[in-house]
Amino acid sequence: MLAKYWKKIGMLILIIACVFNIMSKLVHKLSLNKEMLYSAEYMYEQQQNSSNEENQTN
């Protein structure tokens, strides 16, 4: 019986896995405001690190 329906069972498992993946990403998605704040903090830290490296070499 399993040999007869293996394609359908595989597709069902694949669809369920995709739905769980999408739902997980939607639930754990950061808001745009937080995303922008984290990006700004990262860029600021990178700028500080590069300016510190320039000061140490001069």
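Up top is the structure.
These notes cover the structure that comes with them. (Residues numbered from 1 in each chain as written. Predicted model: local features only at pLDDT ≥ 70, side-chain atom pairs only at ≥ 80, totals over all residues. Heavy atoms only, no water.)

## Let's talk about the overall build of the chain
When its secondary structure is counted, the chain shows 2 helices and 0 strands. Its C-alpha atoms give the chain a radius of gyration of 24 Å, clearly above 10 Å, the size a compact globule of 58 residues would have. With respect to the principal axes defined by its C-alpha atoms, the chain has extents near 75 × 25 × 10 Å. A gap of 37 Å separates the mean positions of the 6 positive and 5 negative side-chain charges of the chain. (Helix = DSSP H or I, 4+ residues; strand = E, 2+ residues; numbered from the N terminus. Rg over C-alpha atoms; globule rule 2.2 N^0.38 Å. Lys, Arg positive; Asp, Glu negative; His and termini not counted. Charge placed at Lys NZ, Arg CZ, Asp CG, Glu CD.)

## Remarks on helix α1 (residues 2-27)
Compared with the 38 Å implied by 1.5 Å per residue over 26 residues, the 35 Å span of α1 between its first and last C-alpha is a close match. Along its length, α1 reaches its greatest deviation from straightness, about 35 degrees, at lysine 8. (Expected span 1.5 Å × (residues − 1). Bend = angle between axes of the 7 residues up to and from the residue.)

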